[in-house]
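Structure at a glance
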There are 2 protein chains.
Amino acid sequence: MESDFKLFNKMAVIGVGLIGGSMAIRSKEIGLVDKVIGFGRSVENLETAMKLNIIDEYHRDFTHLKDADIVVIATPVSSIVHIVKQAERYCERGAIITDVGSVKEEIVKKIEQLNPKHIHFVGAHPIAGTEHSGASAAFGALFEGKRCVLTPTKKTDQPALTKVRLLWERLGAEVVLMEPKLHDTIFAAISHLPHIIAYSLVKCTNDMKDIDEDIMSYSAGVFLDFTRIASSDPEMWRDISLLNKGNLIEMIKRFEIALGEMKKAIGSSDGHRLYEEFHASQQARNKLIKSKS
Amino acid sequence: MESDFKLFNKMAVIGVGLIGGSMAIRSKEIGLVDKVIGFGRSVENLETAMKLNIIDEYHRDFTHLKDADIVVIATPVSSIVHIVKQAERYCERGAIITDVGSVKEEIVKKIEQLNPKHIHFVGAHPIAGTEHSGASAAFGALFEGKRCVLTPTKKTDQPALTKVRLLWERLGAEVVLMEPKLHDTIFAAISHLPHIIAYSLVKCTNDMKDIDEDIMSYSAGVFLDFTRIASSDPEMWRDISLLNKGNLIEMIKRFEIALGEMKKAIGSSDGHRLYEEFHASQQARNKLIKSKS
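Keep in mind it's a predicted model, so treat the numbers as computed, not measured.

**Description of the relation of the copies chain B and chain A**
The operation relating chain B to chain A is a screw motion whose rotation component is 180 degrees, with 0.0 Å of axial translation and a residual RMSD of 0.0 Å. Read as a symmetry element, the transformation amounts to a two-fold axis. Mapped onto chain A, 100% of the interface residues of chain B again fall at the interface, so both copies present the same surface.

Rendered as structure tokens:
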């Protein structure tokens, strides 16, 4: 019997990590596809994905993309354009290629410049993740109640967009459409900058060799939150930082100004100003929580 | 029947909030004291504490401190010295006064300058808390498995120190002794700086009025962590920032240097350097988690 959720025959997942693996798990669970095949750099990770029944088979050779009608590229952002270039020649006419990269403008632009004839590309970015990575970290419920941003342009094939939208909705996500440029500005602010800040904080406490005590051992609550963020995959965050460089540098500058104002208020013992700033942050959080509940 | 855990007859808690309230709850639960009386600015909060059975009675007048043998000052750090000054004249000879302030050097120094004749002061800082405040947020298990730093000096009465140490151990905490000055340096790095950073991040995204989208609504995971930190009690963090100003400004400067180096590596597309920095952060986190497990 066909599943009510079926959208594709064969899904190829290139990069069977946290995101790609979780997509595969849920797609198989709900019968969204008949079969999932995996590709990736690490045979060890692909073997893990096989053992965990995340994928049905894996290959090293893109000729096996032949009859996949949906190809998900879930590799580090720096490799996505190159992989589309390699993969599309093996895809059959009408196949849909989509990605899950956290940066969109550069990727979408370069793929549209490739002007692929056979396939339809739809850019996507699911707002989901943990600080863990690899197939063993994947789980089917990862996208439930999360947003997934799709970044179509005027060149995007509408039926392909509709199918990718359905794909994400069936995986449990709320789909939002957005221009690639706006996407990158927003995520520089609320995701890429906070990661750079967390890395910088851990760096600066690591560098405090002049204090004898092992200060890390006193960390609780808040500092542990920062170290958790700063333990995210270094390769992934290197690539995101470089690919969204312009927006990220702009956001770092804005943050430096805000921090500089705080430093000035503290330095001049301006308690009134500090209270106002801290109170405004608390209000912003309360508003945010209310809007999410 | 006397409890095996009994240490004091009557505990006075000045400031029945998250910390003071949680101390009262657990102290009563385990029979560490016979009675807990509360003091505070807000009658509404004291009434809440009565309803929740956190305290046995409350008073507005320090004459009721008369037969309290342990007085816990759990008010904002800026008021601690003043309250000790007001309270100690009503205490009986030998009473112990202790605090729970997150800043120690200035407080301990000023209280020792008061040179109180009747009472013994022991500075304390339990490393526990949530972003919630007030008596209604208090719970008895708050200190379980957490550290509590005591900051005795050469003027500290040894039997009083022993009793305060026992108090915290019986509340479930692991007690650490530390010089007030070292305490303030460490907590500027791992607690006060992260709070200022979180406040600054929320401020800078709040200030992005030039972006039409409600960017806060896209926040997930990491950004939500930052807003949670930045929703901490504004009055408390104003006072901590001002009282630990010297160390905090020093730490902000160190952080600015670390962030500046990250910005430079991103700006010059130095992927190798970024990977090294991010990887070192990940290693530091892994070491920390291993040491805590």
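**Describing the packing of aromatic side chains**
Enumeration according to the criterion identifies eight aromatic pairs over all chains in this entry. Ring geometry for A:Tyr199 and B:Phe278: centres 3.9 Å apart, planes at 15 degrees, overall stacked. With A:Tyr199 in helix 6 (residues 180-206) and B:Phe278 in helix 10 (residues 271-292), this residue pair bridges two chains. Across the pair, exposure class does not vary: A:Tyr199 and B:Phe278 are buried alike.

**Description of the sheet that holds strand 9 (residues 174-177) of chain A**
All names here are of chain A. Strand order in the open sheet formed by three strands is 7-8-9, with mixed pairing between adjacent strands. Only two strands of the sheet have a single neighbouring strand rather than two, namely strand 7 (124-126) and strand 9. Across the sheet, the axes of successive neighbouring strands diverge by a mean angle of 20 degrees, strand direction being ignored.

**Concerning the pattern of salt bridges**
One pass over the full model with this rule turns up 42 salt bridges over all chains. A:Glu277 serves as the salt-bridge partner of B:Lys203, at 3.1 Å between the closest nitrogen and oxygen. Placement of B:Lys203 in helix 6 (residues 180-206) and of A:Glu277 in helix 10 (residues 271-292) is noted, with the two residues assigned to different chains. The residues B:Lys203 and A:Glu277 share a single accessibility class, namely buried. Between B:Asp239 and B:Arg238 there is a salt bridge, with its nearest N and O atoms 2.9 Å apart. Exposure remark for B:Asp239: the relative accessible area of 5% places this residue in the buried category. When salt bridges that share partners are traced, they join A:Lys203, B:Glu261, B:Arg273 and B:Glu277 into one network.

**Focus: the domain arrangement of chain A**
Interfaces are often sized by the amount of accessible area the parts lose when they come together. All names here are of chain A. The domains assigned to chain A are domain 1 (10-178) and domain 2 (182-292). In this structure, domain 1 and domain 2 have C-alpha centres spaced 31 Å apart. With 16 residues of domain 1 at the interface, the matching set in domain 2 holds 15 residues. Taking both partners together, domain 1 and domain 2 bury about 1300 Å²; carbon and sulfur atoms supply 68% of that area. For the pair domain 1 and domain 2, the number of links is one salt bridge. Taken together, the links from domain 1 to domain 2 amount to five residue pairs in polar contact (both at pLDDT 80 or more). When residues in the side of domain 1 that touches domain 2 are grouped by element, the largest group, three residues, is from helix 4 (residues 105-114). Looking at the side of domain 1 that touches domain 2 residue by residue, the class counts come to seven nonpolar, four polar and five charged.

**Some points on the interface of chain B and chain A**
Across the boundary between the two partners, chain B contributes 85 residues, which contact 85 residues of chain A. When the two sides are added together, the surface that chain B and chain A hide from each other amounts to roughly 8000 Å², 73% of it contributed by carbon and sulfur. Where chain B touches chain A, the interface holds eight salt bridges. Here A:Lys263 makes a salt bridge to B:Glu256, at a shortest N to O gap of 2.8 Å. Sorting the residues of the side of chain B that touches chain A by element identifies strand 8 (147-150), helix 6, helix 7 (221-229), helix 8 (234-243), helix 9 (245-267) and helix 10 of chain B as the ones contributing at least two each. Per element, the largest residue contribution to the side of chain B that touches chain A is 19 residues, and it comes from helix 6 of chain B. Considering only residue class, the side of chain B that touches chain A consists of 47 nonpolar, 18 polar and 20 charged.

**A closer look at the packing of helix 6 of chain A against helix 6 of chain B**
Two elements in contact, helix 6 of chain A and helix 6 of chain B, have axes separated by 11 Å at closest approach and are oriented at 160 degrees. By the angle between their axes, helix 6 of chain A is roughly antiparallel relative to helix 6 of chain B. The chirality of how helix 6 of chain A crosses helix 6 of chain B is right-handed. Across from A:Ala189, A:Leu193, A:Pro194, A:Ile197, A:Leu201, A:Cys204 and A:Thr205 in helix 6 of chain A, the residues of helix 6 of chain B making contact are B:Ala189, B:Leu193, B:Pro194, B:Ile197, B:Leu201, B:Cys204 and B:Thr205. Here the residues of the contact of helix 6 of chain A with helix 6 of chain B sort into twelve nonpolar, two polar and no charged.

**Details of the pairing of strand 1 (residues 10-14) of chain A**
All names here are of chain A. Counting buried positions along strand 1 gives five out of five residues, so the element sits mostly inside the fold. Along strand 1, one buried face is formed by Lys10, Ala12 and Ile14 and the opposite face, lined by Met11 and Val13, is buried too. Sheet topology note: the strand 1/strand 2 (residues 35-39) ladder contains five bridges and is parallel. Residue Ile14 lies in a different strand from strand 2, and its bridge partner there is Phe39. Regarding topology, helix 1 (residues 18-29) serves as the crossover connection from strand 1 to the parallel strand 2, and that connection is right-handed. Judged from the four bridges that link them, strand 1 and strand 4 (residues 70-73) form a sheet pairing that is parallel. By the bridge assignment for strand 4, Ala12 is matched with Val71.

Cut-off values and rules
- Residues numbered from 1 in each chain as written.
- Chains lettered and ligands numbered in written order.
- Predicted model: local features only at pLDDT ≥ 70, side-chain atom pairs only at ≥ 80, totals over all residues.
- Heavy atoms only, no water.
- Least-squares fit on C-alpha atoms with pLDDT ≥ 70 in both.
- Contact = heavy atoms within 4.5 Å.
- Phe/Tyr/Trp six-rings, centres within 6.5 Å; stacked < 30°, edge-to-face > 60°.
- Helix = DSSP H or I, 4+ residues; strand = E, 2+ residues; numbered from the N terminus.
- Buried < 20%, exposed > 50% of the residue type's maximum accessible area, 1.4 Å probe, protein only.
- Pairing = 2+ DSSP bridges.
- Axes fitted to C-alpha atoms, helices over the stretch in contact; angles between N-to-C directions.
- Salt bridge = Lys/Arg side-chain N within 4 Å of Asp/Glu carboxyl O.
- Domains from an automatic or database assignment.
- Buried area = accessible area lost by both parts, 1.4 Å probe.
- Polar contact = N/O pair within 3.5 Å; in protein donor to acceptor, adjacent residues only side chain to side chain.
- Nonpolar A, V, L, I, M, F, W, Y, C, P; charged D, E, K, R; others polar.
- Parallel < 35°, antiparallel > 145°, perpendicular 65-115°, else oblique.
- Left-handed = near helix turned anticlockwise from the far one by under 90°.
- Right-handed = clockwise from strand over helix to strand, strands pointing away.

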